Each structure stands twice: as C-alpha cells, then as structure tokens.
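Listed below, chain by chain, are the residues.
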Amino acid sequence: MREQALDEFGLAGTPTFYVNGKTLTGDKTLEQLAAEIDPLIPADFAPVAPAAEVPATDAMAPATDAMAPAAQ
C-alpha cells in the first residue's frame, strides 16, 4: 500500500487531500481548505439537513420480552 501511495498517487506525506484533482499536502487550516473548496461549490447549492439521530441501544442491557409476564 505504501508503494502504491508513493508511486501511483504521488503521496508525499500526511495529511494529504485531493480536491478536484489538486493535491494538498501538509497541515492546512480550515481557511486554506475552504479557499480551495468553496469556489467549486455551485452558487445555488443548498445543504440538506442531516437525518435525525437514532438513539443508541444499550448492548449490555438485558433484552425485554413483551410476551413474558411482568416481574412481581
């Protein structure tokens, strides 16, 4: 994998970002990344709100059986 990253993708270090075919390497601030990405976003782009989160279930909690009689 290392050789493929070096040879095929020209990876020189981490982090490495590929933005629309352009390689950005090294530490980048959010402002620097935004300067590369924002011009690529169409003016009429409207982000979609994320779906509501589903509450996590407790894997360690005992399973309940709706058909079992209630504990007394």
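In this text the structure is predicted, and so the values were computed from the model without any measurement.

## Considerations on the overall build of the chain
And then number 1: Helix and strand counts for the chain come out as two helices and two strands.
And then number 2: Along the chain, helices (α) and strands (β) appear in the sequence α-β-β-α when read from the amino end.
And then number 3: By the burial criterion, 7% of the 72 residues in the chain qualify as buried.
And then number 4: Summed over all atoms, the accessible surface of the chain reaches about 6,900 Å², with 60% contributed by carbon and sulfur.

## Notes on a nonpolar patch on the surface
And then number 1: Taken together, the side chains of Ile37, Ile41 and Phe45 present a nonpolar region at the surface, about 270 Å² in accessible area.
And then number 2: Within the secondary structure, Ile41 is located in the segment after helix 2 (30-37).

## Examining unusual backbone geometry
And then number 1: Here Asn20, not a glycine, exhibits a phi torsion of approximately 50°, which is positive.
And then number 2: For Asn20, the location among the structural elements is in the loop between strand 1 (16-19) and strand 2 (22-25).
And then number 3: Residue classification places Asn20 among the exposed residues on the basis of a relative accessible area of 68%.

## Side note on the pattern of salt bridges
And then number 1: Going through the model one piece at a time under the given rule, you end up with two salt bridges.
And then number 2: Ionic pairing is found between Glu36 and Lys22, a salt bridge with its closest N-O pair at 3.2 Å. Remark: Lys22 occurs in strand 2 and Glu36 occurs in helix 2; sequence separation between them is 14 residues.
And then number 3: Using a relative accessible area of 42% as the deciding quantity, one classes Lys22 as partly exposed.

## Observations concerning the side chain of Thr16
And then number 1: Tracing the sequence through the fold places Thr16 in strand 1.
And then number 2: Apart from residues lying up to four places away in sequence, Thr16 is in contact with Leu11, Thr23, Leu24 and Thr25.

## Considerations on the pairing of strand 2
And then number 1: As judged from the four bridges shared by strand 1 and strand 2, these two strands associate in the antiparallel manner. Along strand 2, the bridge assignment pairs Tyr18 with Thr23.
And then number 2: Connecting strand 1 to the antiparallel partner strand 2 that follows it, the hairpin turn spans two residues, and Asn20 within it adopts a positive phi of roughly 50°.

## Some thoughts on the confidence of the model for the chain
Detailed reading of the predicted coordinates is not advisable wherever pLDDT falls low.
And then number 1: The predicted model of the chain averages 80 in pLDDT, with 76% of residues at 70 or higher.
And then number 2: When mean pLDDT is compared element by element in the chain, helix 2 scores highest at 93, while helix 1 (residues 2-7) scores lowest at 82.

Criteria and thresholds
Starting afresh in each chain, residues are numbered from 1 along the sequence in its written order. Only residues with pLDDT of at least 70 get local features here, since the model is predicted, and only at 80 or more are side-chain atom pairs given and counted; chain-wide, interface and lining totals rely on the full set of residues. Side-chain calculation: all heavy atoms of the structure are included, whereas hydrogens and water are not. Only runs of H or I of at least four residues qualify as helices and only runs of E of at least two qualify as strands under DSSP, and these elements are numbered from the N terminus. Exposure categories follow from relative accessible area, calculated using a 1.4 Å probe and restricted to protein chains: below 20% of the type maximum is buried, above 50% is exposed, and the middle band is partly exposed. Here the open area of atoms and residues is found with the Shrake-Rupley method and a 1.4 Å probe, where only the protein chains shown may cover a residue. Like charges are joined within 9 Å and nonpolar side chains (Val, Leu, Ile, Met, Phe, Trp, Tyr) within 5 Å, but only among residues with over 30% relative accessible area and no salt bridge; these make up the patches. In the sections that follow, a salt bridge refers to a side-chain nitrogen of Lys or Arg positioned within 4 Å of a carboxyl oxygen of Asp or Glu. When checking whether two residues touch, look at their non-hydrogen atoms; a contact exists if any pair is within 4.5 Å. At least two DSSP bridges between two strands are needed for those strands to be called paired. Per-residue confidence from the predictor is given as pLDDT, running between 0 and 100.

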